[in-house]
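Structural characterization, general
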Amino acid sequence: MEYKELAEKAVEAKKISYPPYSNFHVGAALLTEDEKLYLGGNIETPSYSLTICAERTAVFKAFSEGERKFKAIAIASDSPDFCPPCGSCRQVLLDLCGNIDVIMINHKKDLKILKLNELLPLAFGDKDLT
Ligand code: THU
């Protein structure tokens, strides 16, 4: 799948988000190595801090279906600008998906593409658990 199309899926995924408190919709579209697609939206709870981001929703959905190899994740939000993944999502994405491509899409439909390593340099990981 082209990254442009993956990014459009992230925009669509905003519809499955549930942000009644912030009213800030985020959508994520995660692509596996064999081209399967998992969508996620942010889900907020009344205890606020237990909210889960769109990116982690998508990753946990995929992992719980047995997926282990990933290619890229796209992220879209209500902000007109690019929505970068939060620090917690960067760590979880690197831990579970490896150094995948991260595609952000803004309201003009421009794409910004970075490697996860660029977003989270010098990360703690498996290799540090000695
Ligand atoms: N949010 C995400 O879903 N992903 C991000 O990368 C940044 C923030 C959500 C969490 C919360 O529901 C709302 O956006 C406002 O922070």
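Note: the structure precedes this text.
This is a predicted model, so every value here is computed, not measured.

What follows concerns the nonpolar core. Core analysis: the biggest nonpolar cluster contains 22 residues, and Leu30, Ile73, Leu93, Cys97, Ile100, Val102 and Leu116 have the highest contact counts within it. Within the residue set of this core, elements represented by two or more residues are strand 1 (26-32), helix 2 (54-64), strand 3 (70-77), helix 3 (87-97), strand 4 (101-105) and helix 4 (116-119). The greatest single-element share of this core, amounting to four residues, is contributed by helix 2. In this structure, cysteine 97 is in contact with Leu30, Val59, Phe70 and Val92, ignoring residues within four places of it in sequence.

Applying the stated criterion across every chain, the model contains six salt bridges. A salt bridge links glutamate 35 to lysine 71, with the nearest nitrogen and oxygen atoms 2.5 Å apart. In this pair, glutamate 35 is assigned in the loop between strand 1 and strand 2 (37-41) and lysine 71 in strand 3, connecting sequence segments 36 residues apart. On the accessibility criterion, lysine 71 (31% relative accessible area) is partly exposed. Between lysine 127 and aspartate 128 there is a salt bridge, and its shortest N-O distance comes to 2.9 Å.

Glancing now at the packing of helix 2 against helix 3. When two helices pack together, their arrangement is given by the angle between their axes and by how far apart the axes lie. Contact geometry of helix 2 with helix 3 gives a least axis separation of 9 Å together with a crossing angle of 20°. Taken together, the axes of helix 2 and helix 3 are roughly parallel relative to one another. Helix 2 and helix 3 meet at a crossing whose hand is left-handed. Contacts between helix 2 and helix 3 involve Glu55, Arg56, Val59, Phe60 and Phe63 from the first element and Ser88, Cys89, Val92, Leu93, Leu96 and Cys97 from the second. Here the contact of helix 2 with helix 3 is built from residues that sort into eight nonpolar, one polar and two charged.

So, on to the site of the ligand. With respect to spatial proximity, the complete set of residues near the ligand consists of Ser22, Phe24, Val26, Asn42, Glu44, Thr51, Cys53, Ala54, Glu55, Pro84, Pro85 and Cys86. Between glutamate 44 and the ligand, the recorded distance is 2.5 Å, taken from a side-chain N or O atom to an oxygen atom. Between the ligand and the protein, one listed contact pairs an oxygen atom with a backbone N or O atom of cysteine 86 at 3.5 Å. Bound to the protein, the ligand loses 78% of the 380 Å² it would expose on its own. Here the residues of the shell around the ligand sort into seven nonpolar, three polar and two charged.

What counts, and at which threshold
- Residues numbered from 1 in each chain as written.
- Predicted model: local features only at pLDDT ≥ 70, side-chain atom pairs only at ≥ 80, totals over all residues.
- Heavy atoms only, no water.
- Core = buried A, V, L, I, M, F, W, Y, C linked by side-chain atoms within 4.5 Å.
- Buried < 20%, exposed > 50% of the residue type's maximum accessible area, 1.4 Å probe, protein only.
- Helix = DSSP H or I, 4+ residues; strand = E, 2+ residues; numbered from the N terminus.
- Contact = heavy atoms within 4.5 Å.
- Salt bridge = Lys/Arg side-chain N within 4 Å of Asp/Glu carboxyl O.
- Axes fitted to C-alpha atoms, helices over the stretch in contact; angles between N-to-C directions.
- Parallel < 35°, antiparallel > 145°, perpendicular 65-115°, else oblique.
- Left-handed = near helix turned anticlockwise from the far one by under 90°.
- Nonpolar A, V, L, I, M, F, W, Y, C, P; charged D, E, K, R; others polar.
- Near = heavy atom within 4 Å.
- Polar contact = N/O pair within 3.5 Å; in protein donor to acceptor, adjacent residues only side chain to side chain.
- Areas by Shrake-Rupley, 256 points an atom, 1.4 Å probe, with all protein chains shown as cover.

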